[in-house]
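# Reading the structure
Residues per chain are reported as follows:
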Amino acid sequence: NTPIFNLNTSAKIPGIGFGTWQSTDQEAYDAVISAIKAGYRHIDTAHVYGNESIIGKAIKDSGIPRNELFVTTKLWATDCLNPKEALKGSLERLGLDYVDLYLMHWPVAMNPNGNNKMFPTKDDGSRDIIDRTYIDTYKDMEKLLNTNMTKAIGISNFTINKLQNLLNEITNIPAVLQIELHPYLPQQELVDFCSSKGIIVEGYSPLGSTGAPILKEQILVKLADKYNVSPANICISWAIWRKTIPLPKSTNPSRIASNLKYINLSDEDGKSISELYKTTGIHRYVSPQWGVQIFD
Ligand code: A2P
């Protein structure tokens, strides 16, 4: 019994999603099959993850009716000039008629004819960024709401400043903002800002990403003992306690299943986790490694 949140489109969204970044090929297929079997009904992918086809196949093979699943994919930065074509390609790869949510992956535009790396570079090593605003890209995404290709649109990796700039210019408030969120990176101000605008916040890397070092933190271990769950369950429960949607990722069937479990944290316990980043002195997060100036 996953919590269910309401989007500003009035659609419902399952409050725990299955993340698939860094899962490729057979691994991604097996993971999605395990996830759906375990009860996940919300799957998060992206064109740039390179796994849409295999995830689409797993969704189909799962036998779960399409309307019982919530599927998200994302517009990659090199497709910024033509979101409609990009979404068409994603739907073809996924083998779906529509997605439930289409997100702008990053507030950055890159040369569509550049090389095909995640962050294309020019010959001189600089990034192949083009002069196109995320506002114009979003305005083209808004047109997708008049098609049957996606039920909702949203954004990812935006800051408060960028989100405010966007909101000043557009008509359809994003349904969702997806950002990196875990106890080392709570981004409380941004979460509060979204909540004041009716935007649901999803958190990627809710366990702190590869290796999940956060799970060894004393406060998480202590609360895991107290509630008789795992430290990962505490991270996920904390995300839900603050009304954000965690997108835990695993390729291990028992961890996949276990990550669906959450408990209702007391406010005191929730707050103590929110404070963790202040005292550890650890500010380990994955977003800046992508080298895009996102914290402005
Ligand atoms: P694995 O795929 O071997 O389970 P995030 O969701 O923050 O990106 O974290 C994903 C990382 O955390 C992966 O390395 C994943 O490895 C690991 N992980 C996922 N679930 C758990 C869990 N319940 N306990 C410990 N590690 C986990």
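Reading the values: rules and limits
- Residues numbered from 1 in each chain as written.
- Predicted model: local features only at pLDDT ≥ 70, side-chain atom pairs only at ≥ 80, totals over all residues.
- Buried ≥ 20, exposed ≤ 12 C-beta atoms within 10 Å, placed from the backbone.
- Helix = DSSP H or I, 4+ residues; strand = E, 2+ residues; numbered from the N terminus.
- Contact = placed C-beta atoms within 7 Å.
- Core = buried A, V, L, I, M, F, W, Y, C linked by C-beta atoms within 7 Å.
- Near = placed C-beta within 6 Å.
- Nonpolar A, V, L, I, M, F, W, Y, C, P; charged D, E, K, R; others polar.
- Pairing = 2+ DSSP bridges.
- UniProt positions renumbered as here; feature names shortened; annotations may be inferred.
- Axes fitted to C-alpha atoms, helices over the stretch in contact; angles between N-to-C directions.
- Parallel < 35°, antiparallel > 145°, perpendicular 65-115°, else oblique.

The name recorded for the chain in an unreviewed UniProt entry is 2-dehydropantolactone reductase, from Pichia californica.

Next up on the list: helix α2 (residues 52–62). Here α2 has its buried residues at E52, I54, I55, G56, A58 and I59. In this fold, the buried residues of α2 make contact with α1 (25–38), β4 (42–44), β5 (70–75) and α3 (83–94). Positive phi appears at G63, one or two residues downstream of α2, with a value of about 75 degrees.

Before going further, it helps to spend a moment on the nonpolar core. Counting residues in hydrophobic clusters, the biggest one holds 76 residues, and the most contacted among them are V32, I55, Y102, V176, L177, I200 and C235. The element contributing the most residues to this core is helix α8 (residues 231–241), with 8 residues. Among all residues touching Y102, those that are not within four sequence positions of it are T73, L75, L87, M141, L144, T150 and I153.

Around the ligand lies a shell of 20 residues, among which S205, L207, A212, A232 and S250 are the nearest. For the shell around the ligand, the per-class residue count stands at 6 nonpolar, 12 polar and 2 charged.

Covered by surrounding structure in strand β7 (residues 153–156) are I153 and I155 together with G154 and S156, the residues of both alternating faces. Pairing of strand β6 (residues 101–104) with β7 involves 3 bridges; the strand directions are parallel. Each residue of the ladder has a partner; that of M104, found in β7, is I155.

This paragraph deals with the UniProt feature "binding site: substrate" (unreviewed entry) in the chain. Taken from the UniProt record, the annotation "binding site: substrate" (unreviewed entry) applies to H105. Within the secondary structure, H105 is located in the loop between β6 and α4 (134–142). Setting aside residues no more than four positions away along its own chain, H105 makes contact with A46, V48, K74, L75, W76, A77 and S156.

The next subject is the packing of helix α7 (residues 218–227) against α8. At a minimum axis distance of 8 Å, the contact between α7 and α8 shows a crossing angle of 95 degrees. Taken together, α7 and α8 sit at an angle that is classed as roughly perpendicular. Contacts between α7 and α8 involve L220, V221, L223 and A224 on the former and, on the latter, P231, N233, I234 and C235. Residues of the contact of α7 with α8, tallied by class, amount to 7 nonpolar, 1 polar and no charged.

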